[in-house]
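Geometric and topological summary
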Amino acid sequence: MEETIKDSLIVIGRVVTILPLLLFMTIYMGKRTIGEIPVFDFLIIISLGSIVGADLADPSISHIYTAVAIVSVALLQRVITKLKLANRRFGRIVTFEPTVVIQNGQFLKENMKNIGYSIDNVLQLLREKDVFDIDEVKTAIVESSGKVSVLKKSSSTNVTRSDLNITGKAADIALPIVVEGKVYTHVLEDFGLDYDWLQKRMKEQEVQNVNEIFYATINQKQKLHISLKENNLNVPRILH
């Protein structure tokens, strides 16, 4: 009996030490690791799966220790949940904070780097929101779930085509011509343009060197939109 109690305490000790370690490492790996599942719930799921899987695969494991581990994980989950509800600061520590990745049509490179998102990741999330041109975006926020919330500029949201009962061609897709300082000359050629045209338009926007550009696009009207690597934008602070 004493041996059983001792081994059960060891199992409980493992649960309360390993789960916080998993939590820390998952937060470190970033939002993209867990998708839409809240981070601590993600850890609970994989922990319970591992516990049950080990019990099913290894006949030498006593069922009582599996039961102790499952109960311990469930109790720890309830404790963490209550702490998150009771203490907002603690809740922010054990989960991801929303992160602004676009402000006034400009990518926020450092914010994207901090959460491990590339230009392509953000563009994909925008397309899922039916946004194909970052120039339309006032603010884009990557939520704790890894999804993006988009606030469009007022010029893009005031009146829709359906509001005016207008039919016809949809909005054009903006294509990338510069990504992190690299010029996509084949896109320029598709528009019948060249590097000289790009430089002229850059100077009109007071951009002297293509290496200053983080991301630039062109639409069917040949409008150039530039997002710089370095910008001094007033970015709103997002809280849970």
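Definitions and cut-offs
- Within each chain, residues carry numbers counting from 1 in the order of the written sequence.
- Local features are withheld for residues below a pLDDT of 70 in this predicted model, meaning they are given only at 70 or higher, and side-chain atom pairs are given and counted only at 80 or more; totals for whole chains, interfaces and linings count all residues.
- Remark: hydrogens and water are excluded; side-chain values derive from all non-hydrogen atoms of the structure.
- In this analysis, strands are considered paired if DSSP registers two or more bridges between them.
- What counts as a helix is a DSSP run of H or I of at least four residues, what counts as a strand is a run of E of at least two, and both are numbered from the N terminus.
- Relative accessible area decides the class of each residue, using a 1.4 Å probe on protein chains only: under 20% of the type maximum gives buried, over 50% gives exposed, and in between gives partly exposed.
- Residue contacts are defined here by distance: any two heavy atoms, one from each residue, within 4.5 Å place the two residues in contact.
- For helices, the fitted axis covers only the stretch in contact; all axes are lines through C-alpha atoms, and the angles between them, taken along N-to-C directions, range from 0 to 180 degrees.

Some details on the sheet that holds strand S2 (residues 106-107)
Strand order in the open sheet made by the 4 strands is S2-S1-S3-S4, with antiparallel pairing throughout. Here the strands that pair on one side only, and so sit at the sheet edges, are S2 and strand S4 (148-152). Relative to S4, strand S3 (residues 137-142) runs antiparallel, the two being bridged by 5 bridges. Looking at the pairing, Ala-140 lines up with Val-150 of S4.

Quick look at the environment of Leu-175
The residue Leu-175 is located in strand S5 (residues 175-179) in this model. Classification of Leu-175 by relative accessible area gives partly exposed; the value is 33%. A C-alpha to C-alpha distance of 5.1 Å links Leu-175 and Thr-217, two positions 42 residues apart in sequence. If near-sequence neighbours (up to four positions away) are discounted, Leu-175 is found in contact with Val-187, Phe-191, Ala-216, Thr-217 and Ile-218.

Section: the sheet that holds strand S6 (residues 182-183)
On the basis of which strands lie adjacent, the open sheet formed by 4 strands has the order S6-S5-S7-S8 and antiparallel pairing. Strands at the two margins of the open sheet, each flanked by one partner only, are S6 and strand S8 (224-228). Of the pairings in the sheet, the one linking S5 to S6 comprises 2 bridges and is antiparallel in character. Looking across to S6, one finds that Val-179 is bridged to Lys-182. Contacting S5, S6, strand S7 (213-218) and S8, helix H9 (residues 195-204) runs over the sheet at an angle of about 65 degrees to S8.

Everything listed here is a matter of coordinates, which is why it stays silent on function.
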